[in-house]
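Listed here are the chains, written in short residue letters.
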Amino acid sequence: MRARLDATRVLLRIAFRNLVASRVRTVIIGLIVLVGALIVVVGSSMMESIDQGMRTSIQGSLGGQLQVYSSASEGQLELYGGIRGESLLEPIPDFARVKEVLGKVPNVKMIVPMGIDQALVATGNVFDVTLAKLREDVRQLQASPGDAEVRRGLEARKAHVQRLIALLAEELTQARVLVDPNGRDASLRKAQRADLDHAAVPAFWIEFDRDPLAGLEFLENKVTPLAMDSGFTFIRYVGTDVAAFMKAFELAEVAEGTAIPPGQRGILLGKQYAEEWLKLKNARRLDQIKDKRDRFHARIAKEEELQRWVKDTRSRAREILAQLDPLQAAEAERRLRPALEAPAGEELPALLARLFDLDDANFDRHYQVFYEQLAPMLRLYKISVGDVITIKAPGKTGAFNAVNVKVYGFIQYRGIEKSGIAGTTSVVDLQSFRDLYGYVTSDKAEELAKIRTQMGATQVSREEAEAALFGGEGPGRQVETTRAAAIDERQLLAGVGAKRKAAKAEETRAYTQEEIDHGVALNAAILLHDPGRIRESQAAVQAAADAAGLKLKVIDWEAASGMVGQFVLLLRGILIFAVIIFFGVALVIINNAMVMAALARVKEVGTMRAIGAQRRFVVGMLLVEIITVSVVFGLAGAALGGGVVAVIRATGGIPATSDLLFFLFSGPALLPRIGGTSVVASLVLVLGVAVASALYPAWIAMRVTPVEAMSTED
Amino acid sequence: MSIIQVRDVTKVYLLGKTQVHALRGVSLTVDKGEFLSVAGPSGSGKTTLLNLIGCVDTPTTGLVEVGGLDTSKLTERALTDLRLHQIGFIFQSFNLVQVLSVFQNIEFPLLLQGGLTKAERAARVNGLLEATGIGEYGRHRPSELSGGQRQRVAVARALVTRPALVLADEPTANLDSQTGQNIIDLMRDMNRKDGTTFIFSTHDPKVMAHASAIIRIADGLVAVRELVGATA
Ligand SMILES: Nc1ncnc2c1ncn2[C@@H]1O[C@H](COP(=O)(O)OP(=O)(O)O)[C@@H](O)[C@H]1O
Ligand SMILES: [Mg+2]
């Protein structure tokens, strides 16, 4: 024991003194190790916070810790969609059963049923919405013909429509310059133009006053289709037990509006999605420019992108003009003139041009004027809180199903409001999802039973039942079918107003928990009490499902995130690859330096061996040298890496300068965080590489024979 | 009583494709307490013989016994221990550890052996520093010393474990004759006082004169073993 201790002491002494004696070599190896540790610490802490961001975004907004779906599914569950669109999942026929079985598994906190899909939403273009209002005004006047207030409203509305027609005519004239007047569809365009001109002349409006319904008919059928901005948009939604969803995903909050009342139909639009796709483009552009200016200190004068946005804003002033009826336009003029210090009498188009003539000096002021003076008069989002919207989606049979749901608010997720993952998916009640998908809900089960008795059959095949269900449209039903495979825009738009009344009863009916649970879901999110035990729980959930014969596949959130998760995986792969390359090079350099050191010391090592030092002594000596260098410089590198991370954090993080980065960072900037594991991992890695690179030189040292000390040449 | 038995030892080196017969059948017995000189011209096999006796090399054929142990039957580790505990080496080119002080160089084998207290080690090292006449250089690095002084350190290091046998391969070759003389005197002193067995090679007749016996080898064979009458 004592002998070992003495030998170890002299071993350490020689090793350390050798390090000092060959300073240059020590510093070279040390610096390589230092840079390596630095890269690993900074890289892994960036990766860790990307991971953490993704984890929070995915687990907190849709994923939970585990996901289950039918093992009979053709495709894989991809919560955020794959390259080929949404996952092809076989439905889980009775969610209640899943909830019952899996709810008993230890560590399972909650099970939230889901069905994710894309759907078309009729937003109605301005023309369409205004005409709907005009029809309402006409109806009111017919109900109370003498009401002066109603008449004034109608007149203002008419003036609005006339303005829209004028704007449309202008737009069409501009568009025509671009197309060949004698080309294909030329005759169609001529006919369209004739229709528009017909509606623009005073005679049409005199006739309108005589027979408003015929006039409306003409406007709706002939003129509306000419409005160029599309009247529908795609949304991605998750149909779910909304109450359970809001409880399970604690970060979820209603940004505007209210929560969907318990058990009722309704939709919460993804806030992120709304900002990007539903917001009035002018407002959106202003937001974007402000963001770039405030956070990245970008300047309109310098950045081509900002100049493009300014130009875009200017050219879209017409969209604002179209939204305002003459009374509102006058009010807008009254507000904007003093705010913009415009000459008296300047009209709205000129005022808007002035407002959107943005530069770095006036931006902040004009931004404020826009939001304080103009925005309150505008429909800022194509869909507003309180609207009832029609959602259409191709059902299982390929035919379109549609439901009307009330927009209760926008949904966003605390702390990750700007994440590209959370907040892009809208949340819809489960019944509406089932209707859209054509799955049998409890309502339909009743109907199915009725059909069954009518047909006198005890056995009805699923296809037959569905055909019977979807073939005709019962009174008060929301489900309709179009046989057309293509999207019929007119029909979509028709959904906006027409169906509202009819569906009223169903819209406000509250469903019981029973009804919500007993029915189809495509997948379900499982939230755990202790997310740290995810592996163990995954196995337990799978086992429980198998035991109950549920035919479910259980995957973790990372797998469920599909492309998103793979992207992070890819990124990590790149980092690891870079680290491997670096350490590969480091290994070679360190190895070379150590081999040279070992060769230079052959005589010394031989002498020690002759005097009586064992092989392990000389090998140990070399390893101590390299390990000491690695640990000292590795720690220094890790500390330096910690410093770099601290500096990055202190200066506000690494800004996300592109959409991709924004998405990756789950927000506007990446705040890397030092994880204990990343430091330990980096040290282990550095040490491993150093020791590995010392192995060959150590082998050389081991093979040095004492004879070599005897040789006379020095 | 013999400490070394060498019987019919041959050593063949392979130099490329040619075989070099460094030793062609050497037999030899060395008794405890001898002060033996191995003499012969350059290339005669002196170093080879010492390497075999010192257990740093193995014979092609024949038997080498050190302290009654057949060295061919010992493991690498056991041979190392044998060198550590039984044998002291003095190299022609001194071979000191550059990063250690003179004191630490001498102490080195004691630390490898272990078992002594710090005070015991210091006593031994200091005793040898005095005995070899470099008492004031204990804290110096080898590079700060002259050749003769370095060889004294090497002698002290070889003796510090009180080995039964000390091997020295041309210990005076790199020294001027006066310094060489002093080193030989020093070794002779140790031999007389402690009865340590010394085997040293040389081709310097003046050095040989101090030996109790001379083994003359030529061409890998022992030509003659002569006693130097005066010191027998
Ligand atoms: N490692 C070796 N490889 C090949 N030949 C060697 C080796 N060592 C010694 N020899 C040869 O063996 C012979 C004896 O050498 P050596 O024992 O060193 O003689 P000395 O020490 O008497 O000068 C010489 O001819 C020498 O060239
Ligand atoms: Mg020689």
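Everything quoted here is computed from the prediction, not taken from an experiment.

Attention shifts here to the site of ligand 1. Residue and element names in this part refer to chain B. For ligand 1, the full set of nearby residues is Tyr13, Leu15, Val20, Ala22, Pro41, Ser42, Gly43, Ser44, Gly45, Lys46, Thr47 and Thr48. Backbone polar atom of Gly43 to an oxygen atom of ligand 1: 2.7 Å apart, as the coordinates give it. Ser44 has a polar backbone atom sitting 3.2 Å from an oxygen atom of ligand 1. Burial of ligand 1 by the surrounding chains reaches 65%, relative to a free accessible area of 560 Å². Of all the elements in the fold, those that place two or more residues in the shell around ligand 1 are strand E1 (2-15), strand E2 (18-31) and helix H1 (46-53). With three residues, H1 is the single largest residue contributor to the shell around ligand 1. When grouped by side-chain class, the residues that make up the shell around ligand 1 number five nonpolar, six polar and one charged.

This part takes up helix H3 (residues 102-113) of chain B. All names here are of chain B. Across the 12 residues that make up H3, a large majority, 11, are buried. Within H3 the residues assigned to the buried category are Val102, Gln104, Asn105, Ile106, Glu107, Phe108, Pro109, Leu110, Leu111, Leu112 and Gln113. Directly beyond the C-terminal end of H3, a positive phi value near 70 degrees is found at Gly114.

For the rest of this paragraph, the subject is the side chain of Arg83 of chain B. Its place among the elements puts Arg83 of chain B in helix H2 (residues 76-86). One buried charged residue, Arg83 of chain B, forms no salt bridge at all, with the nearest opposite charge on Glu76 of chain B at 4.1 Å.

On to helix H6 (residues 186-200) of chain A, then. Relative to the 21 Å expected for 15 residues at 1.5 Å per residue, H6 of chain A spans 21 Å between its end C-alpha atoms, a close match to the ideal helical length. What H6 of chain A keeps buried is the set Ala186, Arg193, Asp195, Leu196 and Ala199 of chain A.

A separate point is empty space enclosed by the protein. Residues and elements named next belong to chain A. Enumeration according to the criterion identifies 10 cavities of 30 Å³ or more in this entry. Lining the largest cavity we find 15 residues, and of these Val242, Gly263, Gln264, Asp429 and Ile516 sit closest to its centre. Secondary-structure elements contributing two or more residues to the lining of the largest cavity are helix H9 (242-248) and helix H17 (430-437). In terms of residue class, the lining of the largest cavity is built from eight nonpolar, four polar and three charged.

The partner chain A presents 31 residues to the 34 residues of chain B that form the contact. With both sides pooled, the region where chain B packs onto chain A buries about 2,800 Å², and carbon together with sulfur makes up 60% of that total. At the surface where chain B touches chain A, the tally comes to three salt bridges. As a salt-bridge pair, Glu76 of chain B and Arg609 of chain A come within 2.4 Å of each other at their nearest N and O atoms. At the surface where chain B touches chain A, the tally comes to 10 residue pairs in polar contact (both at pLDDT 80 or more). Every element with two or more residues in the side of chain B that touches chain A is listed here: H2, H3 and helix H4 (118-131) of chain B. Sort the elements by how many residues they give to the side of chain B that touches chain A and H3 of chain B lands first, with seven residues. Looking at the side of chain B that touches chain A residue by residue, the class counts come to 12 nonpolar, 12 polar and 10 charged.

This paragraph deals with the nonpolar core. Leu102, Leu219, Phe245, Leu352, Phe370 and Ile391 of chain A are the most contacted members of the largest nonpolar core, which totals 148 residues. A per-element tally of this core places helix H5 (residues 148-178) of chain A first, with nine residues. The residues touching Leu352 of chain A, leaving out its near neighbours within four places in the chain, are Ala317, Ile320, Leu321, Leu336 and Leu374 of chain A. Phe35, Val125, Phe198 and Val228 of chain B belong to the second largest nonpolar core, which has 36 residues in total.

Rules used throughout
- Residues numbered from 1 in each chain as written.
- Chains lettered and ligands numbered in written order.
- Predicted model: local features only at pLDDT ≥ 70, side-chain atom pairs only at ≥ 80, totals over all residues.
- Heavy atoms only, no water.
- Near = heavy atom within 4 Å.
- Polar contact = N/O pair within 3.5 Å; in protein donor to acceptor, adjacent residues only side chain to side chain.
- Areas by Shrake-Rupley, 256 points an atom, 1.4 Å probe, with all protein chains shown as cover.
- Helix = DSSP H or I, 4+ residues; strand = E, 2+ residues; numbered from the N terminus.
- Nonpolar A, V, L, I, M, F, W, Y, C, P; charged D, E, K, R; others polar.
- Buried < 20%, exposed > 50% of the residue type's maximum accessible area, 1.4 Å probe, protein only.
- Lys, Arg positive; Asp, Glu negative; His and termini not counted.
- Salt bridge = Lys/Arg side-chain N within 4 Å of Asp/Glu carboxyl O.
- Expected span 1.5 Å × (residues − 1).
- 1 Å grid on protein atoms, 1.4 Å probe; cavity = no way out; pocket = protein on both sides within 12 Å on 5 of 7 lines; lining within 4 Å.
- Points joined across faces, edges and corners; volume = space filled by probe spheres on them.
- Contact = heavy atoms within 4.5 Å.
- Buried area = accessible area lost by both parts, 1.4 Å probe.
- Core = buried A, V, L, I, M, F, W, Y, C linked by side-chain atoms within 4.5 Å.

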